[in-house]
Number of protein chains: 2
Amino acid sequence: MNVYMEEMNPQKITLRDGFWCNRNQLLSEVIIPYQWDTLNNRTEGVPLSHAVDNFRIAAKEMDGTPGGTIFQDSDVAKWIEAAAYSLMHHPNSELESSIDELVRLIGESQHSNGYVNTFYTAKGIEQRWTDLEMGHELYCAGHLIEASVAYYQATGKRKLMDIMVLYANLIAEEFGPEEGKLHSYDGHPEIELALYRLAEATEDSRYMDLADYFMNIRGSIKRDATGASDKEERKPRSRWLTPDYFLEQKPIREMTEVTGHSVRAMYLYAGVADQYRRTGDQTLWDTLLSLWDSLEQRSVYITGGIGSQSHGERFTIDYDLPPDRGYTETCASIGLIFWAWRMSLIDPDNRYADMIEKQMYNGALSGISLDGKAYFYVNPLEIKPKVAAFRQDMEHVLTHRAGWFDCACCPTNIARLFGSIGKYIYSSTDTSIYIHQFISSETEIVLGDELVSLRQETKYPWHEEILISCTMEHQKHFGLMLRKPRWCDAWTLEINGMPCTSYCLEKGYIHIDRMWNDGDTVQLKLEMTVKLIQADSRAQDYCGKVALMRGPLVYCLEEFDNGPQLQELIINSESNFELEEEILQSIPSIHILLDGYRETVRTDSLYEHMKKNERIKVRLKAIPYYQWGNRAKDQEMRVWNRFI
Amino acid sequence: MNVYMEEMNPQKITLRDGFWCNRNQLLSEVIIPYQWDTLNNRTEGVPLSHAVDNFRIAAKEMDGTPGGTIFQDSDVAKWIEAAAYSLMHHPNSELESSIDELVRLIGESQHSNGYVNTFYTAKGIEQRWTDLEMGHELYCAGHLIEASVAYYQATGKRKLMDIMVLYANLIAEEFGPEEGKLHSYDGHPEIELALYRLAEATEDSRYMDLADYFMNIRGSIKRDATGASDKEERKPRSRWLTPDYFLEQKPIREMTEVTGHSVRAMYLYAGVADQYRRTGDQTLWDTLLSLWDSLEQRSVYITGGIGSQSHGERFTIDYDLPPDRGYTETCASIGLIFWAWRMSLIDPDNRYADMIEKQMYNGALSGISLDGKAYFYVNPLEIKPKVAAFRQDMEHVLTHRAGWFDCACCPTNIARLFGSIGKYIYSSTDTSIYIHQFISSETEIVLGDELVSLRQETKYPWHEEILISCTMEHQKHFGLMLRKPRWCDAWTLEINGMPCTSYCLEKGYIHIDRMWNDGDTVQLKLEMTVKLIQADSRAQDYCGKVALMRGPLVYCLEEFDNGPQLQELIINSESNFELEEEILQSIPSIHILLDGYRETVRTDSLYEHMKKNERIKVRLKAIPYYQWGNRAKDQEMRVWNRFI
């Protein structure tokens, strides 16, 4: 068994005044209550969730049939998980009572053999595991397991985890390599991650064995119980719902390119990273690196969004990244955080924590409104609302955030991301502490025999300074590793107010290996100049265009600031950039003012002989991408713009 | 009754050596036989047509059920029509025998009440007119009527027309305003055009009355027999198969914008123009002008392609003209020729004949390969074959021409266009002759009491000179009106070798009103410089891009000449253009060499800080758009390119 970096206990990480503290307050005060109301069908003007009622029905405390998607249970689970994280730092007895009552309901819905699933309870649980391809039973089980572990960690209450242990035991009895068991796995990975987490919480490695079994047979066998199509010769459900959609076109160890449904892919790859951390199987690591390269070099949007096609919510082919028709699902961005985090723990290379940061401030964050009550499922990089509202090939692109969805996987997923953001800040080995993310926070880390208290103070991502201070009883020699983001070309480092030159830069981390004293401070300053970004020219949609970034934030032009017909705008690449501080919905923010031109061409009959068009000088205003669509509905928006 | 310009008898127009003569030879020698084989299921490697067998089955001379689409009869009809045009100038007794045999079969398939339709014969003709929305019965009837008129004109043989007269009489008995008749119309306009044509051929205006009835009630009544959805409250079949898809969202006289299925729209508007020519109803003309403006100013591709969306094969919203995902169906371009031609006859403004020319050399012509045996249904303006082959939202875009289609409306439609191209050259009034198209040809026109023979000699569209000579017995005063295309800024005119200054330019036609003598010659020279074209900046896809035109031809860059990754290419807008004459599949052609750059950006991780990229000078080669995909399969192609 290999030892890689340790995750921190999330309860040991306290966020302090700053961007994420603000967002976590919103989580506790607004998002959790709003989502609870919505899961209980109490929010007006949004699609009914039915998710909590489904458990009432399954518990025989309500009449009716379950509503919503077949994986509606997972919305409840992710909400519990988010609420559990919230409770870790924002105790709330009323919320805890609601969860306890919900746990009771889930317990009542559990069958005597341990099975829990509201949809298959209604169908009759003898139907269980008959459509593993699309039935999402193990997926829902996985989310409930994750919720149970989080709630146990937050409150010490074991009841939900006990329920899920019974269920996990049933799964272990019914799936496995032995004769008479089902030789199969879920079409949507998630159970794998959950079983690893349950194994850690219960210190019972059998759950990891089961997770490894699911991953090892995936794509290796003609599996059992794939669903309706199993009765005949199994046929792809469409040209895009093929084995690679389900990540089973070949065994995982033979995969070299990211494929298929982007959320399924991320959850699977994250599970594979768990398996590698456990087993040290080099073929798994080679696979993970190859998949990562494929994603990072050929298949990801500048915002971190992934999945270029709506049909199949999936990856397409290398460099195909249309800005207006991608899927770029919020859940896929979140899933990529899960995967990147595990990669980080194995191999602290800044490419992984950079990707987490990219999602935190762009691709995932855009999935929720500043007020916490409206969501994007799809996060386009360019939108012309009238076109998107009309065209059938943009049917998946909403022109404004919605209060809820018929398929509402994203809102609760982003809630649990907000609640767990602290876990991505630090990690440690016996002799070193890594700081992956720059978030005002405090934590305590045991290094051998010494308890080190760390405090980070920063106005990141808006301002360049990060102040880290250490408190400890005795001197201690250890390595402090600070991520140097790849977006950052210039930085300064001081220790106790003096420039520090004694460090080395390794895989994008500044390694400071020294004897540390109580009260030592480290000041890292990451220069945040405004940058114009270009894309590899094989990404055909971005040739001749630039995007704007400052620090980790991708910026966009929005109609609200720049008027309609954004395609007429041209960025002056030699512009002076001016930063403008604003407060938007209680969050301080920095907007960028820059020089540009508007080139308007009006013709009699659509086309005309090219002439030197007048270019009117305009001062453009760019806002962080994640903020778009917060000030007015149905606004044009563009991340990539022409330039001269 | 108003008098507008007269169409010429197509038999009176003889094409002479040149572009269209060559294409008509191909029609007779290759296209007609190839399509006949294919309609008879004798072409290997293409979808089976079944179209002729369907008539054998309906005639009870073969067992089985009809195959292909519900409107498969129309493929046979359009082929007969094309063959009839071919026979006018290329007598071919074998072909005529084949058609006669086919006519016999159609006769045998006719029911005693006059009804002809292979699909509804199999269904049982008591089912007739039960799904007028999608059943295409009157559409098929229309095409058979058009074929019958053409065959009668070509050969003097009345049998098919007699058959269709019986059928038309049945339609007139069963549809109409009277009590007990069906108050309805076909979902796909076509019968309207056909009935006008039949009325002219039979000199029986009742058929025009029926056509007018169909047009007048369209969108005005809750119609009968719309199909399956009629049984309940009628619901749109999808968000895009709405009343406007069927051109029935309102009465035609209230329409102001082109909408719906683009082929249906063109056929309807053409019919409305027929009705206006007959009735002079000013509201119809106002409607037609408004529709035309909407198309020409906001809804047409530079190639003449129309229909921006695959789903519904339809118009979307103003300025939405994606180059890679449009539908731009060959049939829609052909339909637009029908409409434009009728507009031309009503109001000889060059905008109409320019549009016909645009289709003849671009949007419609690209629908057939140079060898005549392979077709595009969808004519994209930009293609990246690997992307188009993968993406679901490009499923409709073929990356190379196909030998036939499951839904094969386009191949026979382009065949009949080729065969009838001569009709678009001339028109006349009692006192004037219009030359709309520049095609080497001869014709005779009766002007009052004088027969004027006209001869056009030109190497158009490649060369600038057009020589027109008149032969007649006596001097004759008349107006000779020559179209001055809108693409042409500079031109010269000589009469009998002397510069002519005595003319006026009216609505884009050069009016030469004088006493003409036998042997007079007119030499028109239309300067064909290479031009860079820009689009109205509301067409967001074309901002910062230019297209290349020379004369009426739109040019494109193809991978075959310029290498892959065409998006990396940048046109030098100050380039010297060099013309290169080539012979491609026996057609002389002019390609354009021009200066440009290739800007290749290779990055480590897809995105990077913008830098001054190296731009490698390249000599680009542009070919006429219609020729793309003829030298190799699955080639990248782009009409609109970046420039500096």
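Residues numbered from 1 in each chain as written. Chains lettered and ligands numbered in written order. Predicted model: local features only at pLDDT ≥ 70, side-chain atom pairs only at ≥ 80, totals over all residues. Heavy atoms only, no water.

Bringing the relation of the copies chain A and chain B into the picture now. Two chain copies here: they are related by a rotation about an axis and a translation along the same axis. It takes a turn of 180° to lay chain A on chain B, together with a shift of 0.0 Å along the axis; the resulting RMSD is 0.0 Å. What the superposition gives is, in effect, a two-fold axis relating one chain to the other. The position closest to the rotation axis in chain A is occupied by the C-alpha of A:Asp393, lying 2.9 Å away. The share of interface residues of chain A whose copies in chain B are also at the interface is 100%, consistent with both copies meeting through the same surface. (Least-squares fit on C-alpha atoms with pLDDT ≥ 70 in both. Contact = heavy atoms within 4.5 Å.)

Moving on, we come to the pattern of salt bridges. Per the stated rule, a full pass over the model turns up 114 salt bridges over all chains. The residue B:Arg42 makes a salt bridge to B:Asp37 at a minimum N-O spacing of 3.0 Å. Judged by its relative accessible area of 47%, B:Arg42 falls in the partly exposed class. A salt bridge links B:Lys621 to B:Glu582; its shortest N-O distance comes to 2.5 Å. Here B:Lys621 is found in strand E21 (residues 615-624), whereas its partner B:Glu582 is found in strand E18 (residues 578-584), with 39 residues between them in sequence. Assessed through its relative accessible area of 21%, B:Glu582 is described here as partly exposed. Here the residues in one salt-bridge network are A:Asp320, A:Asp324, A:Arg325, A:Arg391, A:Asp393, B:Asp320, B:Asp324, B:Arg325, B:Arg391 and B:Asp393, joined through shared partners. (Salt bridge = Lys/Arg side-chain N within 4 Å of Asp/Glu carboxyl O. Buried < 20%, exposed > 50% of the residue type's maximum accessible area, 1.4 Å probe, protein only. Helix = DSSP H or I, 4+ residues; strand = E, 2+ residues; numbered from the N terminus.)

Below, the discussion takes up the packing of aromatic side chains. Summed over the entire model, instances satisfying the criterion amount to 62 aromatic pairs over all chains. Taking the centre distance of 4.7 Å and the plane angle of 85° together, the rings of B:Tyr245 and B:Phe246 count as edge-to-face. Of the two residues, B:Tyr245 and B:Phe246, neither departs from the other in class, the shared state being buried. Taken together, A:Phe19, A:Trp20, A:Tyr361, A:Phe418, A:Phe438, A:Tyr460, A:Trp462 and A:Tyr626 form an aromatic cluster joined through their ring pairs. For the cation-ring pair, B:Arg158 lies above B:Tyr152, with the distance from its terminal atom to the ring centre recorded as 5.4 Å. For B:Arg206, the ring lying beneath its charged end belongs to B:Tyr207, and the centroid distance is 5.5 Å. (Phe/Tyr/Trp six-rings, centres within 6.5 Å; stacked < 30°, edge-to-face > 60°. Lys NZ or Arg CZ within 6 Å of the ring centre and 35° of its normal.)

Take the domain arrangement of chain A next. All names here are of chain A. By the assigned domains, chain A splits into domain 1 (237-424), domain 2 (426-526) and domain 3 (530-643). The C-alpha centroid of domain 3 is placed 25 Å from the C-alpha centroid of domain 1. Carbon and sulfur atoms make up 59% of the area that domain 1 and domain 3 hide from each other, which totals about 2,700 Å². Of all residues in domain 1, the largest losses of buried area upon contact with domain 3 belong to Ile302, Tyr319 and Leu370, amounting jointly to 28% of the total for that side. At the junction of domain 1 and domain 3, the tally comes to two salt bridges. Between glutamate 636 and lysine 384 there is a salt bridge, with the nearest N and O atoms lying 3.4 Å from each other. (Domains from an automatic or database assignment. Buried area = accessible area lost by both parts, 1.4 Å probe.)

Strand pairs in the sheet, formed through backbone hydrogen bonds, run parallel or antiparallel to each other. Residues and elements named next belong to chain B. The mixed open sheet is built from five strands, whose spatial order is E3-E4-E8-E12-E11. Only two strands of the sheet have a single partner each, and these edge strands are strand E3 (426-428) and strand E11 (504-506). Between one strand axis and the next, the sheet turns through 25° on average, direction left out of account. By the bridge criterion, eight bridges tie strand E8 (residues 476-483) to strand E12 (residues 509-516) in an arrangement that is antiparallel. In the sheet register, leucine 480 faces E12, and the bridge partner there is isoleucine 512. (Pairing = 2+ DSSP bridges. Axes fitted to C-alpha atoms, helices over the stretch in contact; angles between N-to-C directions.)

Another aspect to go through is unusual backbone geometry. Peptide bonds are trans in most cases, and residues, glycine excluded, mostly fall at negative phi. Residues and elements named next belong to chain A. Residue proline 461 is reached from tyrosine 460 by a cis peptide bond, and omega for that bond is 5°. If you trace the backbone, proline 461 turns up in the loop between strand E6 (450-458) and strand E7 (465-471). Of note, the phi angle at lysine 60 is positive, near 60°, even though the residue is not glycine. Within the element layout of this structure, lysine 60 appears in the loop between helix H2 (51-58) and helix H3 (73-89). For lysine 60, a relative accessible area of 74% corresponds to the exposed category. Look at histidine 136: it is not a glycine, yet its phi comes out positive at around 60°. On the accessibility criterion, histidine 136 (7% relative accessible area) is buried.

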